[in-house]
Amino acid sequence: KPFPDPYLLALEKGGFNPDEVIVVENAPLGVQAGVAAGLFTVAVNTGPLEEKVLAEAGASLVFPSMPTLAGEWESLYTALTAK
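Calculation criteria
- Residues numbered from 1 in each chain as written.
- Predicted model: local features only at pLDDT ≥ 70, side-chain atom pairs only at ≥ 80, totals over all residues.
- Heavy atoms only, no water.
- Helix = DSSP H or I, 4+ residues; strand = E, 2+ residues; numbered from the N terminus.
- Rg over C-alpha atoms; globule rule 2.2 N^0.38 Å.
- Buried < 20%, exposed > 50% of the residue type's maximum accessible area, 1.4 Å probe, protein only.
- Contact = heavy atoms within 4.5 Å.
- Areas by Shrake-Rupley, 256 points an atom, 1.4 Å probe, with all protein chains shown as cover.
- Lys, Arg positive; Asp, Glu negative; His and termini not counted.
- Charge placed at Lys NZ, Arg CZ, Asp CG, Glu CD.
- Expected span 1.5 Å × (residues − 1).
- Bend = angle between axes of the 7 residues up to and from the residue.
- Core = buried A, V, L, I, M, F, W, Y, C linked by side-chain atoms within 4.5 Å.
- Pairing = 2+ DSSP bridges.
- Axes fitted to C-alpha atoms, helices over the stretch in contact; angles between N-to-C directions.
- Polar contact = N/O pair within 3.5 Å; in protein donor to acceptor, adjacent residues only side chain to side chain.
- Right-handed = clockwise from strand over helix to strand, strands pointing away.

Caption draft 1: Focus on the overall build of the protein. Secondary structure assignment for the protein yields four helices and three strands. Order of helices (α) and strands (β) in the protein, N terminus to C terminus: α-β-α-β-α-β-α. In terms of overall dimensions, the protein is globule-like: its C-alpha atoms have a radius of gyration of 13 Å, near the 12 Å expected for 83 residues. Principal axes of the C-alpha set define a box for the protein whose edges measure 35 × 30 × 15 Å. For the protein, the proportion of its 83 residues judged to be buried stands at 27%. Once local pairs closer than 6 in sequence are excluded, the contacts in the protein between residues at least 24 apart make up 35%. Counting only carbon and sulfur atoms, one obtains 59% of the accessible surface of the protein, whose full area is about 5,200 Å². For the protein, the centre of its 4 positive side-chain charges and the centre of its 10 negative side-chain charges are spaced 4 Å apart.

Caption draft 2: The arrangement of helix α4 (residues 66-81) in detail. Counted at 1.5 Å a residue, the expected span for α4 with its 16 residues is 22 Å, and the 21 Å between its end C-alpha atoms agrees. The sharpest bend along α4 measures roughly 55° and falls at W73.

Caption draft 3: View of the nonpolar core. Core analysis: the biggest nonpolar cluster contains six residues, these being Y7, L11, V23, A33, A37 and L39. Sequence-distant contacts of L11, that is, excluding residues within four places in its chain, are made with F16, N17, P18, V21 and L39.

Caption draft 4: Geometry of the environment of G47. Here G47 shows up in the loop between β2 (40-44) and α3 (51-56). Separated by 32 residues in the primary sequence, G47 and G15 have C-alpha atoms spaced 32 Å apart.

Caption draft 5: Highlighting the sheet that holds strand β1 (residues 22-25). Strand order in the open sheet formed by three strands is β1-β2-β3, and the pairing between neighbours is parallel. The open sheet has two free edges, formed respectively by β1 and β3 (61-63), since each of these has just one partner strand. Strand after strand, the sheet turns through a mean of 25° between neighbouring axes, direction not considered. Note: β1 against β2, four bridges, orientation parallel.

Caption draft 6: How the structure looks around the side chain of T41. As for its position among the elements, T41 is in strand β2. Classification of T41 by relative accessible area gives buried; the value is 0%. A polar contact of 2.9 Å, which involves the side chain of T41, links it to the backbone oxygen of L39. When sequence neighbours within four positions are dropped, the list of residues in contact with T41 reads V23, V31, G34, V35, A59, S60 and L61.

Caption draft 7: View of the pairing of β2. For β2, a buried count of four out of five residues is recorded, marking the element as mostly surrounded by other parts of the structure. In terms of strand pairing, β2 meets β3 through three bridges, oriented parallel. If you follow V44 over to β3, its bridge partner there is F63. Note that the unit made of β2, α3 and β3 has a crossover that is right-handed.

Written as structure tokens, this is what we have:
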């Protein structure tokens, strides 16, 4: 990381298209890797970083904690899969 190679390999091996994947990361380099792979990237602040650091790395959304993401997961998934 921040190179997208691990995500691109996972897409290939899993047979997924970029619009079928949500990346969840907790570090700026991971966020950059997800974004560089062209994937919708969500950041979760699990450490001492300011949330703006994750947003500036390119995250589409930033959540302050895993419980917050878990509480919003259904509505996030619904919004992203609405056609």
